[in-house]
Amino acid sequence: MSQFNAHHKNAHISAQKVRLVANMVRGMFADEALDTLKYQPQRGARMLEKVIKSAVGNAQDPDQNSGRGFRIEELVVTDVRVDGGPMFKRIRPRARGMAFMIKKRSSHIHVGLTHIDEI
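Below: a short report on this structure. (Residues numbered from 1 in each chain as written. Predicted model: local features only at pLDDT ≥ 70, side-chain atom pairs only at ≥ 80, totals over all residues. Heavy atoms only, no water.)

## Details of the side chain of serine 107
Here is the rule: Segments assigned H or I by DSSP are reported as helices when at least four residues long, segments assigned E as strands when at least two residues long, and all are numbered from the N terminus. Each residue is assigned to one of three classes by its accessible area relative to the maximum for its type, calculated with a 1.4 Å probe on protein chains only: buried under 20%, partly exposed between the two thresholds, exposed over 50%. Here a polar contact means two N or O atoms within 3.5 Å. Within protein one must be a hydrogen donor candidate and the other an acceptor candidate, and residues neighboring in sequence count only if both atoms are side-chain atoms.
Positionally, serine 107 belongs in strand 5 (residues 107-115). Overall, serine 107 belongs to the buried group, its relative accessible area being 0%. Engagement of the side chain of serine 107 in a polar contact is seen with the backbone oxygen of isoleucine 13, the distance being 3.0 Å.

Here it is in structure tokens:
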């Protein structure tokens, strides 16, 4: 079973925001997923769209697939994972000498595509 993977590590967006659109495209054909993400207003949709395009490029490259390239209509988005990445931690001064922690979150976006005959 061949699965074509791509990932975007340390994306400067929280994982929770990307998971909303990731759950929407899981199980779709790759071309349908790209069409769906194109019209979504979220910033996470742009990042997920780029990762899916990269995975499609990996599937279409005959050098990586023993001389065989797959068409985008035959690929299904089987694995979409969005994991939390490292956080930048900053201190925000508050009243009466206190300080609050600001966490600037990042995420790791992983996409796996599978050929329709292997599902």
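## Describing the nonpolar core
The condition that has to hold: To form a nonpolar core, buried Ala, Val, Leu, Ile, Met, Phe, Trp, Tyr and Cys residues must be joined to one another through side-chain atoms within 4.5 Å. In what follows, a contact means two residues having at least one pair of non-hydrogen atoms within 4.5 Å.
Leu48, Ile52, Leu75, Ile109 and Leu113 are the most contacted members of the largest nonpolar core, which totals 30 residues. Among the elements of the structure, strand 1 (3-11), helix 1 (15-25), helix 2 (30-38), helix 3 (43-60), strand 2 (75-84) and strand 5 are those that each provide at least two residues to this core. No other element matches helix 3, which puts eight residues into this core. For isoleucine 109, the contacting residues outside a window of four places in its chain are Ala6, His7, His8, Ala11, Val18, Met47, Leu48, Val51, Arg81 and Val82.

## Regarding unusual backbone geometry
Phi is positive for asparagine 10, which is not a glycine, with a value near 60°. On the secondary structure map, asparagine 10 appears in strand 1. In this structure asparagine 10 comes out as partly exposed when scored by relative accessible area, which is 38%. A positive phi angle is found at arginine 96, which is not glycine, with a value near 60°. Mapping arginine 96 onto the fold places it in the loop between strand 3 (88-93) and strand 4 (99-104).

## As for the pattern of salt bridges
We count it as follows: Criterion for a salt bridge: a side-chain nitrogen of Lys or Arg within 4 Å of a carboxyl oxygen of Asp or Glu.
The tally for this structure, following the rule as stated, stands at six salt bridges. A salt bridge links lysine 53 to glutamate 49; the shortest N-O distance between them is 4.0 Å. Of this pair, lysine 53 and glutamate 49 are both found in helix 3, four residues apart, which corresponds to roughly one turn of the helix. Lysine 53 sits in the partly exposed class, given a relative accessible area of 49%.

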